[in-house]
Amino acid sequence: MQPLDPSASDQPNPATEPAGAEAPPGAEQRLAELEAKHAEMADAYLRAKAEVENVRRRAEEEIAKARKYAVESFAESLLPVRDSLEAAIATPNATPEQMLEGVHATLRQLAQALERHKVVEVNPPAGTRFDPHQHQAISVVPAAQEANTVVAVLQKGYLINDRVLRPALVTVAGAS
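The rules behind these values
Residues numbered from 1 in each chain as written. Predicted model: local features only at pLDDT ≥ 70, side-chain atom pairs only at ≥ 80, totals over all residues. Heavy atoms only, no water. Axes fitted to C-alpha atoms, helices over the stretch in contact; angles between N-to-C directions. Helix = DSSP H or I, 4+ residues; strand = E, 2+ residues; numbered from the N terminus. Parallel < 35°, antiparallel > 145°, perpendicular 65-115°, else oblique. Contact = heavy atoms within 4.5 Å. Nonpolar A, V, L, I, M, F, W, Y, C, P; charged D, E, K, R; others polar. Salt bridge = Lys/Arg side-chain N within 4 Å of Asp/Glu carboxyl O. Buried < 20%, exposed > 50% of the residue type's maximum accessible area, 1.4 Å probe, protein only. Pairing = 2+ DSSP bridges. Expected span 1.5 Å × (residues − 1). Arc of directions from axis to C-beta.

Draft legend 1. Structural context of the packing of helix 2 (residues 72–89) against helix 3 (residues 96–116). Contact geometry of helix 2 with helix 3 gives a least axis separation of 9 Å together with a crossing angle of 175°. As far as their axial angle goes, helix 3 and helix 2 are roughly antiparallel. In this structure, helix 2 contributes F74, S77, L78, P80, V81, S84, L85 and A88 to the contact, and helix 3 contributes M99, T106, Q109, L110, A113, L114 and R116. Considering only residue class, the contact of helix 2 with helix 3 consists of 10 nonpolar, four polar and one charged.

Shown next as structure tokens:
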């Protein structure tokens, strides 16, 4: 075995090379290419970061507008109902039959406006199973029907997009 001689290596030794020695051919070109690639990547990163920030800001603005104007369409659909009520008040010589006809027409307008905005009536018929998610029991009464079923509706409830807006107020049959 021969002793290892560090000076006999094929690899350049920076400690033994003279100061100011030239880099291997093509190294400066490679360094320039890498620096250009780095600058390109840094620019792309900054542009992507700015684009993400712009998207986030626009999304926040859209959310703020949606919150601010969420009821605009609903309010717009209720304006004809208000107009009808004001017209009824402005007609002092209407007969009771005309007033009743106008009230029914106005109620139909209101029902259509609510329906357009997915506001659904909760008005369970007697004998319907009591549902605590859609009904609120006001009292339990003895009745000739199955226990824990609706006897009467005191006030209709409403759902909006399958979410309870107001539960129906009901009386419930008690156990006999």
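That shown, we press on.
Draft legend 2. Up close: the pattern of salt bridges. Per the counting criterion, the structure on display carries nine salt bridges. E61 is the salt-bridge partner of R57, the closest N and O atoms lying 3.2 Å from each other. Of this pair, R57 and E61 both sit in helix 1 (residues 27–69), four residues apart, roughly one helical turn. Judged by relative accessible area, E61 falls into the partly exposed class, the value being 39%.

Draft legend 3. Focus on the sheet that holds strand 6 (residues 168–173). Read across the open sheet, the three strands follow the order 2-6-3; overall the sheet is mixed. The sheet is open, and its two borders are formed by strand 2 (135–141) and strand 3 (150–155), each paired with just one other strand. On average, each strand axis in the sheet is inclined to that of its neighbour by 30°, with strand direction left out of account.

Draft legend 4. Region of interest: the sheet that holds strand 4 (residues 157–160). In space, the three strands of this open sheet follow the order 1-4-5, with antiparallel pairing throughout. Two strands lie at the open edges of the sheet, namely strand 1 (119–122) and strand 5 (163–166), each paired on one side alone. For this sheet, the mean angle separating the axes of adjacent strands, direction not counted, is 35°. By the bridge criterion, three bridges tie strand 4 to strand 5 in an arrangement that is antiparallel. Bridge pairing links Y158 to R166 in strand 5.

Draft legend 5. Expanded view of helix 3. Taking 1.5 Å of rise per residue, the 21 residues of helix 3 would be expected to cover 30 Å, and the 30 Å separating its terminal C-alpha atoms lies within 8% of that figure. Buried within helix 3 are the following residues: T106, A113 and L114. Projected down its long axis, helix 3 carries its buried residues within an arc of 95°, all on one side. In helix 3, the exposed positions angled more than 90 degrees off the buried face are occupied by E97, L100, E101, R108, E115 and R116. Structurally, helix 3 contributes buried residues whose contacts are with helix 2 and strand 1.

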